[in-house]
Every structure is written in C-alpha cells, then in structure tokens.
Amino acid sequence: MTLTIRDATPDDEAGWQRLWDGYLAFYDVALPPGVTAATWARLMDPASPLKARLALRSGRIAGFAIHQHHPSSWVAGDDCYLEDLFVDAEARGAGVGRALIDDLIALARARGWHRLYWHTDEANARARALYDSYTASDGHIRYRMRL
C-alpha cells in the first residue's frame, strides 16, 4: 500500500474526526463536542501553531500527528511538541506511526526547530516500544493541574 503524509486540509475533517474519536476511545476520554470542534478549528487556522500531519494509506486517513512549535527557554530557538499521535487499529504494525514521527523530525529540522518531544501513557507498551527506538525516556514525569 502507498503511504503519503501531508498537512491536514478542510476536506479531511470527517476522516480526522473518525480517528480522533478512536483516539479518545483508546484513552477512555470523553470530550465535549465543542472542544473537538475548537481543536479542528485551530488545526485549520493558519495563525495557530497547532497543526496536524496526516498519514494516508491508499487515500484513506490512517493516522495523525498533532504538533505545535513554541519558543524554548532551553535553546535559542523553538521546540516542537508532538501532542497527539494516533494510528488507526487497522494500520498498526505497518510503519504508519514511525512514518509520522520521521516526517515530523524532517519537518522540524527543515524549519530550524531544535528539539522534538512528546509524552505517552506509561502503560502504552506498544507506543513506548516505538518511542524507545528513537530515544530513551528522559525520566521526566508530567504534572497537569486543571484550572
């Protein structure tokens, strides 16, 4: 099968929504529809740093990498945060996740960003095996406070 990776476009909303719903189900999270609508609107807003790269297998969206770049206090430039990575269950094990990360690495390098980082659930062994093939965990633990 042919794998293509590209930026999300307005025409991709239904396909992205299908995978987004699968992503939320995977993590057993229910978001209000307004949050999902706001996320899509941000992804489509040229002024927003939040962007999505889509992996297509034979023309069908098989995965996404939602990312954003931001200034860093640790380097004299920007970092890239891979906020959400998801591959459709039917496409797992076919290299789609790796292709999305490789694509984001190339994009970050081309744009002069200095580092790429991400988080995952510690119990997500399949994703961690992929991530460990790129770099070891830096040992940081995330804290998140709702406001």
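Right, let's walk through the structure included here. (Residues numbered from 1 in each chain as written. Predicted model: local features only at pLDDT ≥ 70, side-chain atom pairs only at ≥ 80, totals over all residues. Heavy atoms only, no water.)

For the pair helix H1 (residues 13-26) and helix H2 (residues 33-44), interaxial distance at closest approach is 12 Å and the crossing angle is 130°. Classified by the interaxial angle, the pair formed by H1 and H2 is oblique. Viewed along their axes, H1 and H2 form a crossing whose handedness is right-handed. Contact residues: H1 offers Glu13, Trp16, Gln17, Trp20 and Leu24, while H2 offers Thr36, Thr39, Trp40 and Leu43. In the contact of H1 with H2, the residues fall into five nonpolar, three polar and one charged. (Axes fitted to C-alpha atoms, helices over the stretch in contact; angles between N-to-C directions. Helix = DSSP H or I, 4+ residues; strand = E, 2+ residues; numbered from the N terminus. Parallel < 35°, antiparallel > 145°, perpendicular 65-115°, else oblique. Left-handed = near helix turned anticlockwise from the far one by under 90°. Contact = heavy atoms within 4.5 Å. Nonpolar A, V, L, I, M, F, W, Y, C, P; charged D, E, K, R; others polar.)

Ring pairs (aromatic) are described by centroid distance and by the angle formed between their planes. This structure, assessed with the given rule, holds twelve aromatic pairs. For the pair Trp16 and Trp20, a centre-to-centre distance of 5.1 Å together with 20° between the ring planes defines the contact as stacked. Taken as a pair, Trp16 and Trp20 lie in helix H1 at a separation of four residues, close to a single helical turn. For the ring pair Trp16 and Trp40, a centre distance of 5.1 Å and an interplane angle of 35° mean the geometry is tilted. With Trp16 in helix H1 and Trp40 in helix H2, this pair connects stretches of sequence that are 24 residues apart. In this structure, Trp16 and Trp40 share a single accessibility class: buried. Through a chain of ring-to-ring contacts, the aromatic side chains of Trp16, Trp20, Tyr23, Phe26, Tyr27, Trp40, Phe64 and Phe86 assemble into a single cluster. (Phe/Tyr/Trp six-rings, centres within 6.5 Å; stacked < 30°, edge-to-face > 60°. Buried < 20%, exposed > 50% of the residue type's maximum accessible area, 1.4 Å probe, protein only.)

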